[in-house]
Amino acid sequence: MIPIHRPGLSLRQAPAWLQQQGLDVLQLRRALEHEVPWQQPLVTVYGRQHPTPRLCCWVADPGCSYRYSGHQSPISPWTPSLSALRELLHQQLGVRFNSLLLNRYRNGADRMGWHADDEPELDDQAPIASLSLGVARDLRFRHRQGVEPPFAVRLEDGDLLLMDPPTQRHWQHALPPRARVVAERLNLTFRVIRRP
Ligand SMILES: O=C(O)CCC(=O)C(=O)O
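Model, not experiment: these values are computed from the prediction.

1. So, the site of the ligand
Reasoning step 1: Contacts to the ligand come from 13 residues, most closely from Tyr105, His115, Asp117, His173 and Arg185.
Reasoning step 2: Here an oxygen atom of the ligand and a side-chain polar atom of Thr189 are 3.3 Å apart.
Reasoning step 3: Compared with its free state, where it exposes 290 Å², the ligand has 98% of that area covered by protein.
Reasoning step 4: Every element with two or more residues in the shell around the ligand is listed here: strand S8 (99-105), strand S9 (112-115) and strand S15 (185-191).

2. Details of the sheet that holds S9
Reasoning step 1: Here 4 strands make up an open sheet; going across it, the order is S9-S14-S11-S12 and the pairing antiparallel. Both outer strands of the open sheet, S9 and strand S12 (151-155), are each paired with one neighbouring strand and no more. Along the sheet, successive strands turn relative to each other by an average axial angle of 20°, direction set aside.
Reasoning step 2: Both S9 and strand S14 (residues 171-175) contribute to a ladder of 2 bridges, which runs antiparallel. The residue of S14 that forms the bridge with Met112 is Leu175.

3. A few points about the pattern of salt bridges
Reasoning step 1: Scanning the entire structure with this criterion turns up 12 salt bridges.
Reasoning step 2: A salt bridge links Arg104 to Glu184; the shortest N-O distance between them is 3.0 Å. You can see Arg104 sitting in strand S8 and its partner Glu184 sitting in the loop between S14 and S15, a full 80 residues away along the chain. When sorted by exposure, Arg104 lands in the same class as Glu184, which is buried.
Reasoning step 3: As a salt-bridge pair, Asp110 and Arg106 come within 2.7 Å of each other at their nearest N and O atoms.
Reasoning step 4: According to the relative accessible area criterion, Asp110 is buried, its value standing at 6%.
Reasoning step 5: It is possible to trace a salt-bridge network through shared partners that takes in Asp138, Arg154, Glu156 and Arg178.

4. Here we look at unusual backbone geometry
Reasoning step 1: Across the junction of Pro165 and Pro166, the peptide omega takes the value 5°, indicating a cis bond.
Reasoning step 2: Mapped onto the secondary structure, Pro166 falls in the loop between strand S13 (160-164) and helix H4 (167-170).
Reasoning step 3: Not every positive phi belongs to a glycine, and Ala16 is a case in point at roughly 50°.
Reasoning step 4: As for its placement among the helices and strands, Ala16 is situated in the loop between strand S2 (9-14) and helix H1 (17-20).
Reasoning step 5: The backbone of Tyr46 shows a phi angle near 50°, a positive value even though the residue is not glycine.
Reasoning step 6: Its relative accessible area of 83% is what places Tyr46 among the exposed residues.

5. What about the environment of Ala109?
Reasoning step 1: When you line up the elements, Ala109 lands in the loop between S8 and S9.
Reasoning step 2: Residues Ala109 and Arg169 lie 60 residues apart in sequence; the distance between their C-alpha atoms is 28 Å.

6. Comments concerning the sheet that holds strand S1 (residues 2-6)
Pairing between sheet strands relies on hydrogen bonds along the backbone, with the strands arranged either parallel or antiparallel.
Reasoning step 1: If you trace the 7 strands from one edge of the open sheet to the other, you get S1-S2-S13-S10-S15-S8-S5, paired in antiparallel fashion. Of all the strands in the sheet, the pair left with one neighbour each is S1 and strand S5 (55-60). Neighbour-to-neighbour, the strand axes of this sheet turn through a mean angle of 15°, independent of strand direction.
Reasoning step 2: Where S1 lies against S2, 5 bridges are found, and the strand directions are antiparallel. Residue pairing across strands places Ile2 opposite Gln13, the latter belonging to S2.

7. A word on the side chain of Gln168
Reasoning step 1: Within the secondary structure layout, Gln168 lies in helix H4.
Reasoning step 2: Once residues within four sequence positions are removed from consideration, Gln168 is found in contact with Ala116, Asp117, Asp118, Ile128, Arg144, Met163 and His173.

About the thresholds
- Residues numbered from 1 in each chain as written.
- Predicted model: local features only at pLDDT ≥ 70, side-chain atom pairs only at ≥ 80, totals over all residues.
- Heavy atoms only, no water.
- Near = heavy atom within 4 Å.
- Polar contact = N/O pair within 3.5 Å; in protein donor to acceptor, adjacent residues only side chain to side chain.
- Areas by Shrake-Rupley, 256 points an atom, 1.4 Å probe, with all protein chains shown as cover.
- Helix = DSSP H or I, 4+ residues; strand = E, 2+ residues; numbered from the N terminus.
- Pairing = 2+ DSSP bridges.
- Axes fitted to C-alpha atoms, helices over the stretch in contact; angles between N-to-C directions.
- Salt bridge = Lys/Arg side-chain N within 4 Å of Asp/Glu carboxyl O.
- Buried < 20%, exposed > 50% of the residue type's maximum accessible area, 1.4 Å probe, protein only.
- Contact = heavy atoms within 4.5 Å.

Here is the structure:
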């Protein structure tokens, strides 16, 4: 794991983590493209509704619902390949993730705006484990008060990125559009939702 530290930020990057687990990443990506019920919900931005600029799906244990940008995501069940990934992460990190947000960026126009994963239902003592499959994209980080220079982490096919506490409290992240990228990327962020 490569540690990345800034004041209030702690990341760990494991390049080609999926390949190191002996997985065929292309086959896994194709399987997920087919077996996941992808959606493109409407989100409200400055009072107006827009389709999200990517496809997504919320997979979680029963009772673990999640709300972002004014949208309550329906819960999809764990598929065999997603359960296997969750189990691998549990074995290696000792963390029992109970939910997963999948994002599918169809090309470089698809993107994710600035945000922190700091919703009240998320356990802020647990890391967020992010897996990337497909074309490389940059994940940008900026300090909330602007007191540190922003930076980017390049996420390649098969990489694991752990975002440890208190990163979400002090920093935001975004996946900017990239005009020259024509290929697809999947990102899976495993999370721990606090149960009521
Ligand atoms: O696609 C990515 O790497 C970022 C995903 C993300 O920011 C999120 O799921 O909160």
